[in-house]
Amino acid sequence: MSTTTILLVAVCLAFVSFVMGRQKAYRIAGSSGGVNQLHSLPGHYGLMVGLWCALPALAIIIGWKLFEGPIVSSLLDNSVPLAILEQGDKRIELYKNEINNLAASGNITADPDPAKKQAATHLNTLRSYSSVALFLFSIAVAIIGAALAYRKIKLKTRARPIVERIIEFFLLASALIAILTTVGIVFSVFFEAMRFFSQVSVIEFITGTKWSPQTAIRVDQAGSSGSFGAIPLFLGTLLISAIAMIVAVPFGLMSAIYLAEYASPRTRAIVKPLLEILAGIPTVVYGFFAALTVAPLIRNLGEHIGLSVSSESALAAGTVMGIMIIPFVSSLSDDVITAVPQAMRDGSSGLGATKSETVRKVVFPAALPGIVGGVLLAASRAIGETMIVVMAAGLAANLTINPLEAVTTVTVQIVTLLTGDQEFDSAKTLAAFALGLLLFITTLILNVIALRVVRKYREQYD
Amino acid sequence: MTDSDSGKDSGDSDMSKQNAAQPSTNDSPKRDTTSLVKATLARRYAAEKRFKFYGIFAIAASLAFLVVLLTSIFIKGWPAFTHAYVKMNMTLDADTLGLSENPTSQELRAANFSGLIKESLRERFPDVTKRKAKKELYQLISSSGEYQLYNMVKDNPEIVGTTIETWLPADDELAAVLKSGDDLSNPESIVTRMSDQQIGFAKTLKDAGETQTRFNKVFFTNGDSREPEQAGIKAALIGSALTLLVTFILSFPIAVAAAIYLEEFAPQNKWTDIVEVNINNLAAVPSIVFGLLGLAVFINFFHLPRSAPVVGGIVLSLMTLPTIIIASRAALKAVPPSIREAARGLGASEQQVVWHHVLPLAMPGILTGTIIGLAQALGETAPLLMIGMVAFIVDIPAGFTDAATVLPVQVFLWADSPERGFVEKTSAAIIVLLGFLILMNAVAVLLRKRFERRW
């Protein structure tokens, strides 16, 4: 009994109860002088019954599915042999995974270990019990809900307010999902980061200058004690973001000024969407281009004038990232520049200033807060950008500000730490969450400041 | 308002010239200022020109980069849509293949197809006798030729024993040379890892008309592979479609509901403000953080399957929610209050006003925002790396919980592969990805053009 079947049955039941509810409303109305005598439209009665049928059942199905995994897994504890229980939590986890895979393979008899075979069969029985129980339980709840609501249908039942209140509750819940996401991010990342900080001190993390997250997997392994000083990562992130901003700000700003102040409406209508294409290209494409075309180009150029350039130089990743960010800077600045009142420009022109003087001395200062806000937003995007740096920047954590050398960034490290084969509780994987927490806080602060600046500035001229 | 400025541009500067010139003729005390202005005028106009030029330069440079990016990818990726094939006459001798009278499927799988191909190549080039030369000869045909023969025999066992004429896929290096149209009689001019002798073989085959370049069907019908000739994007395409479907099913209703609540029902208070600020902030949270959320909550806490489209879809929908909510709110806001008032005047309840009148009128704008949000999700890579969608996927995923990968992640994986053949595959996958993005954005633009109303 798959979840899809259960859902389908529930949906069908809900539809049937909708039709039945509506029919009952028509019947009652017919026997007492027409539809006008009803408090609400017949459809509202149908909806009332349908919602009472579907919602409780749906809640049960979702709740069941969310907690089925952990519960079944804990029931499996009894099947773990004593020899494995003695080897600690990690081995137990591994053993359970093996049983899981065996149970899912559909060919249990292929395994030589009888204990495992038994456990896998046991797991499959548990699962099938669980799904049958879920099916019976949810369908029963659906039918009971529908029956209760059906019995309530009278001539003066206030079906519309009931239905509308349920719908409004659903609307509110949807709006709250945004909050829930933020809470989810903060909690999940925060708790894992705290676990990391219980193994590595915060001071070492923030002030250490050596980053080599290779911890020993075996106790007797040599030379990989693991050190988690994140300064090289911060510096690398800053370096690449700074290069990106050096490219993006002048180009984006000048494009915005030209489009807002000089270009004819036709040029503007053509060029603006073309620039926006730059923002629509997936970052993985930029990463590919940076690694395969721009980085070799910069290295060859450097060798030509006698500089040694790393093949994963910060310059290549930064430049390409800067180009990606141009449309952000340009469209955000464009908005604020066009929001500067025309009267200010007219006043400046009236005093004999040329157009560029007007822009530089009147429009730009007036738009500056908004532009700064836009630049901050762009900077937060540069700091959080992942794919370009994963593909074009290096892995080695060098402590340098030379743009021709390879540096690594916070996002690159998160990806490398979490995509390798590693047990989940090691300091190495937990470090990724600590970095994620830092990344989240940094970008959040930048965003809050930027949004506040932009909003405050907009109010001035509205 | 600035749009109209450019027309006045010349007028403005004329005026300032006049302003500067007029007093000079009759007002002698101001002569100093005037001459000062006049003296600096040339410099100021030069500065004006320079400033304007900077603007044009910035735009031109950005667009030039766009053109370079797209053409370089297009040039690199285009050859991947075709592949070179070599005509082979081969006798499907049961002895060479090691097959019995009525071969079982196990026998078929173990059959020596590669030996058969080698034998046919030796027959085609009878004067090749040296060990090294033979080895070089064998390298001309891709190892996927064996699978092609296996499939032919499996589908049609009676061809064993007969002589057939078939086209087998050329090896990657040979295919690259054949597709490039280089002059084979001049081996020095060709950039390849093939030896001069191999180029000689290729020339013989090509001159005899026994090579052919065809549309590369394999690229669209296969999953990933370690061999560049056999790698295809079908698994990634299906994975992307499944993931995007989950994203749409989750994000569209939730985002529209949230937008309706915030725009039409929410009371104006501190809580609503918090929700709004929150949504704006979520829109700017780095995508990789959403990946961390997915890993910690859905995979480690709720034990949902790794690498599955359903988890990818959930993570991406959390990520696209703010985008769609913001666009939907803008669309709802654009519906004039008179519509709402007219409906209320006829006795509609607040919800009937929204569901029957405001929402249908705002739908085109909402759909446009949704498509743009989904296009964003389609191109997203980083959060999916976190939840393990970087697996090497050969099989086409059949459901929402199967291990799958998506198109951008496939691009990322291939870009990391050391084999040279994957460069063109990567570019080709990017072309397909960009094609879908263009399609989605075109639909969005069309929708906006066709249904947008100006009130």
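Treat the numbers as computed from the prediction; the structure is a model and nothing was measured.

Another aspect to go through is the overall build of chain A. Along the backbone of chain A there are 16 helices and two strands. Taken over C-alpha atoms, the radius of gyration comes to 31 Å for chain A, far larger than the 23 Å a tight globule of 462 residues would show. By principal-axis analysis of the C-alpha atoms, chain A measures approximately 85 × 75 × 40 Å. Taking all 462 residues of chain A together, 42% fall into the buried category. The long-range share in chain A, meaning contacts at least 24 apart out of those at least 6 apart in sequence, stands at 73%.

It is worth spelling out the overall build of chain B at this point. Secondary structure assignment for chain B yields 19 helices and three strands. For chain B, whose C-alpha radius of gyration is 33 Å, the value lies well above the compact-globule estimate of 23 Å for 455 residues. For chain B, the spread of C-alpha atoms along the principal axes amounts to about 105 × 70 × 40 Å. Split into buried and exposed, the 455 residues of chain B put 40% on the buried side. When contacts within chain B are restricted to residue pairs at least 6 apart in sequence, long-range pairs at least 24 apart make up 73% of them.

This brings us to the domain arrangement of chain B. Residue and element names in this part refer to chain B. In terms of domain boundaries, chain B breaks down into domain 1 (81-227) and domain 2 (234-451). Relative placement of domain 1 and domain 2: their C-alpha centres are 45 Å apart. By residue number, the principal contributor to the side of domain 1 that touches domain 2 is helix H10 (residues 218-221), which donates three residues. Looking at the side of domain 1 that touches domain 2 residue by residue, the class counts come to three nonpolar, four polar and two charged.

What follows covers the domain arrangement of chain A. Per the domain assignment, the segments of chain A are domain 1 (3-157) and domain 2 (227-461). Taking the mean C-alpha position of each, domain 1 of chain A and domain 2 of chain A sit 48 Å from one another.

This part takes up the interface of chain A and chain B. With 79 residues of chain A at the contact, the number on the chain B side is 77 residues. Ranked by residue count, the leading element in the side of chain A that touches chain B is helix H6 (residues 159-199) of chain A, at 19 residues. Of the residues contributing to the side of chain A that touches chain B, the split by class is 47 nonpolar, 25 polar and seven charged.

This part is about the sheet that holds strand S2 (residues 163-169) of chain B. Residues and elements named next belong to chain B. The three strands lie next to each other as S2-S1-S3, forming an open sheet whose pairing is antiparallel. Either end of the sheet is taken by a strand with one partner, and the two such strands are S2 and strand S3 (211-215). On average, adjacent strands in this sheet sit at an angle of 35 degrees to one another, irrespective of strand direction. With seven bridges connecting them, strand S1 (residues 82-91) and S2 associate as antiparallel partners. Residue pairing in the sheet places Met-88 in a bridge with Thr-166 of S2. Along the sheet face, helix H8 (residues 172-180) touches S1 and S3 and points at about 115 degrees away from the line of S1.

So, about unusual backbone geometry. Residue and element names in this part refer to chain B. If you check the backbone angles, Ser-307 has positive phi at about 60 degrees while not being a glycine. Mapping Ser-307 onto the fold places it in the loop between helix H13 (287-301) and helix H14 (309-334). On the neighbour-count criterion, Ser-307 (22 C-beta atoms within 10 Å) is buried.

Quick look at the environment of A:Ala120 now. Residues and elements named next belong to chain A. With respect to the secondary-structure elements, Ala-120 resides in helix H5 (residues 114-152). We classify Ala-120 as buried; it has 24 C-beta atoms within 10 Å. In sequence terms Ala-120 and Lys-96 are 24 residues apart; their C-alpha atoms lie 9.3 Å from each other.

This brings us to the nonpolar core. Core analysis: the biggest nonpolar cluster contains 192 residues, and A:Ala290, A:Ala317, A:Val320, A:Ala392 and B:Ala258 have the highest contact counts within it. Counting 29 residues, the second largest nonpolar core, distinct from the first, contains B:Val86, B:Leu121, B:Ile141 and B:Leu178.

To continue, consider the packing of H13(B) against H14(B). Residue and element names in this part refer to chain B. Running from N to C, H13 and H14 point in directions that differ by 135 degrees, and their axes come no closer than 10 Å. The orientation of H13 with respect to H14, classified from their angle, is oblique. For H13 against H14, the interelement crossing comes out right-handed. Two secondary-structure elements touch here, H13 through Ser-287, Phe-290, Gly-291, Gly-294, Phe-298 and Ile-299 and H14 through Val-311, Ile-314, Val-315, Leu-318 and Met-319. Across the contact of H13 with H14, the residue classes break down as eight nonpolar, three polar and no charged.

Next up on the list: the confidence of the model for chain A. Predicted confidence across chain A gives a mean pLDDT of 86, with 93% of residues reaching 70 or more. Model confidence for chain A, summarised as mean pLDDT per element, is weakest for helix H3 (residues 82-85) of chain A at 74 and strongest for helix H8 (residues 231-262) of chain A at 94.

Relative to S3(B), S1(B) runs antiparallel, the two sharing five bridges. Bridging from a neighbouring strand, B:His83 pairs with B:Arg214 of S3(B).

Further remarks concern the packing of helix H2 (residues 42-75) of chain A against H5(A). Residue and element names in this part refer to chain A. Contact geometry for H2 and H5: axes closest at 8 Å, N-to-C directions at 160 degrees. Accordingly, the angle class assigned to the pair H2 and H5 is roughly antiparallel. Pair H2 / H5 crosses with right-handed handedness. Taken together, the residues of the contact of H2 with H5 break down into 21 nonpolar, three polar and two charged.

A separate point is the confidence of the model for chain B. All names here are of chain B. Of all residues in chain B, 93% attain a pLDDT of 70 or more, and the chain-wide mean is 84. Averaged pLDDT values over the elements of chain B bottom out at 45 in helix H1 (residues 5-26) and peak at 95 in helix H15 (residues 337-345). Note on residues 1-25: pLDDT is under 50 here. Beyond four places in sequence and across chains, it has 27 contacts. Interface confidence for the predicted complex, expressed as ipTM, amounts to 0.85; the pTM equals 0.84.

The residue B:Glu276 is located in helix H12 (residues 270-283) in this model. Linking B:Glu276 and B:Thr129, residues 147 residues apart in sequence, is a C-alpha distance of 78 Å.

What counts and what doesn't
Residues numbered from 1 in each chain as written. Chains lettered and ligands numbered in written order. Predicted model: local features only at pLDDT ≥ 70, side-chain atom pairs only at ≥ 80, totals over all residues. Helix = DSSP H or I, 4+ residues; strand = E, 2+ residues; numbered from the N terminus. Rg over C-alpha atoms; globule rule 2.2 N^0.38 Å. Buried ≥ 20, exposed ≤ 12 C-beta atoms within 10 Å, placed from the backbone. Contact = placed C-beta atoms within 7 Å. Domains from an automatic or database assignment. Nonpolar A, V, L, I, M, F, W, Y, C, P; charged D, E, K, R; others polar. Pairing = 2+ DSSP bridges. Axes fitted to C-alpha atoms, helices over the stretch in contact; angles between N-to-C directions. Core = buried A, V, L, I, M, F, W, Y, C linked by C-beta atoms within 7 Å. Parallel < 35°, antiparallel > 145°, perpendicular 65-115°, else oblique. Left-handed = near helix turned anticlockwise from the far one by under 90°. pLDDT = per-residue confidence, 0-100.

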